[in-house]
Structure formats: C-alpha cells, structure tokens
Amino acid sequence: MYHSKLYSCKQVDQSIFQIKFQGGSTIDNKLSSEINDNTRIMSAPIPLFSKIHTIQVNCNKIMFCDCYFFESVGMFCAHMVCVCKFVANTNNEVFTGFTHRDIVNRWTSSYMQLVFKLSTPKHIQKYYDTLVSNDIKGLML
Ligand SMILES: [Zn+2]
C-alpha cells in the first residue's frame, strides 16, 4: 500500500484508469543535477519516458492492470491500490485495503499448510485443488 503513494490516478473512461508514476523527489533532484552538471549530456538528446499503467475494469467490476502483477504473482499491485483509493476518494469514502479474499488461494496459509502434507486426507487435497483451479481472476473494484 505504501508504493501507491508514488502514483497518481486519472480516470480516462468509465472503466479505464491511467496510473502515472510520480517518483520520489530525491531521485528526480539527483538526476536533474547530474544532467545539469554534465555538459556532454546537455548537448545529447535525452528521451523522456513516463511510466503510465492502464487498469481496465470489466463488466463484473474486476480490475485488470497492464503490469500483469496479479496474473503472475496472484496479489494486487500498487496500481490497483491507487485506483481503489481514487474511487473511494471520489465517493467520499476511505479505502481501507484489501482482504484475504483478494489474493489467490495458493497464498493462503491453510493451503500452504495442508496441501503439501502427506498426512492430509485426499478429499481435502482435492478440495484445495478445486479451489486453486477455480481461483479469482482479478480484484473487484
Ligand atoms: Zn499494476
């Protein structure tokens, strides 16, 4: 949740949000002084990049970020937190964070504790296999 402070959110469409990296001011000041102190760099063309991620919300209110952190790791990314804070702030609410239901089942402690033990009954292992194979596709906004 801390990293979400480094981003700003803008709603560009009804279901599309753009998250722009604002960066830390100390890094920017250090970089700008390094550029200003070096005359060779000043004469060279420097491409300017901005880190912008896009989050789309589908008809079921599930968020999909183009960083694909949720799809690869199974946890929310800072961009999703930024959108949730933005939407809550727009509705005069306070975003308090995600719950244990907002991560994939393989990260739950009961899954880690029970599935890999040989002493766990087969029907419980099968139950967890079903849960993991039908996991959440993303976070609800
Ligand atoms: Zn993301």
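Details of the structure are given in the entry above.
Residues numbered from 1 in each chain as written. Predicted model: local features only at pLDDT ≥ 70, side-chain atom pairs only at ≥ 80, totals over all residues.

1. With respect to the nonpolar core
Grouped together as the largest cluster of nonpolar side chains are 19 residues, with contacts concentrated most on C9, I19, I55, M63, M80, C82 and V83. Elements represented by at least two residues in this core include exactly β1 (7-13), β2 (16-21), β3 (52-57), β4 (62-65) and α4 (78-90). Ranked by residue count, the leading element in this core is α4, at 7 residues. The residues contacting M80, other than those within four sequence positions of it, are I55, M63, C65 and L139. (Core = buried A, V, L, I, M, F, W, Y, C linked by C-beta atoms within 7 Å. Buried ≥ 20, exposed ≤ 12 C-beta atoms within 10 Å, placed from the backbone. Helix = DSSP H or I, 4+ residues; strand = E, 2+ residues; numbered from the N terminus. Contact = placed C-beta atoms within 7 Å.)

2. Describing the pairing of β3
Only one face of β3 is buried: it carries H53, I55 and V57, and the other face, with I52, T54 and Q56, is open. Pairing between β2 and β3: 5 bridges, direction antiparallel. Looking across to β3, one finds that K20 is bridged to I52. Of the strand pairs in this sheet, β3 and β4 are connected by 3 bridges, and their pairing is antiparallel. Bridge pairing in β4 links I55 to C65. Counting the residues that bridge the hairpin from β3 to β4 gives 4 residues, and of these K61 lies at a positive phi of roughly 65°. (Pairing = 2+ DSSP bridges.)

3. Side note on the environment of Y111
Tracing the sequence through the fold places Y111 in helix α5 (residues 109-114). A count of 16 C-beta atoms within 10 Å places Y111 in the partly exposed class. Along the primary structure Y111 and Y128 are separated by 17 residues, whereas in three dimensions their C-alpha atoms are 6.8 Å apart. Not counting residues within four places of it along the chain, the set of residues in contact with Y111 comprises N105, R106 and Y128.

4. Details of the environment of L131
Mapped onto the elements of the fold, L131 is located in helix α6 (residues 122-133). On the basis of neighbour counts, which here come to 16 C-beta atoms within 10 Å, the residue L131 falls in the partly exposed class. As for L131 and V104, which are separated by 27 residues in sequence, their C-alpha atoms are 9.4 Å apart.

5. Quick notes on the pairing of β1
Bridging between β1 and β2 involves 6 bridges; their strand directions are antiparallel. Note on β2: the bridge partner recorded for C9 is I19. Connecting β1 to the next strand, β2, in antiparallel fashion are 2 residues.

6. Considerations on the environment of E71
Inspection of the secondary structure assignment puts E71 in helix α3 (residues 69-73). Classification of E71 by C-beta neighbours within 10 Å gives exposed; the count is 12. Remark: the alpha-carbon pair of E71 and G138, spanning 67 residues in sequence, is separated by 7.7 Å.

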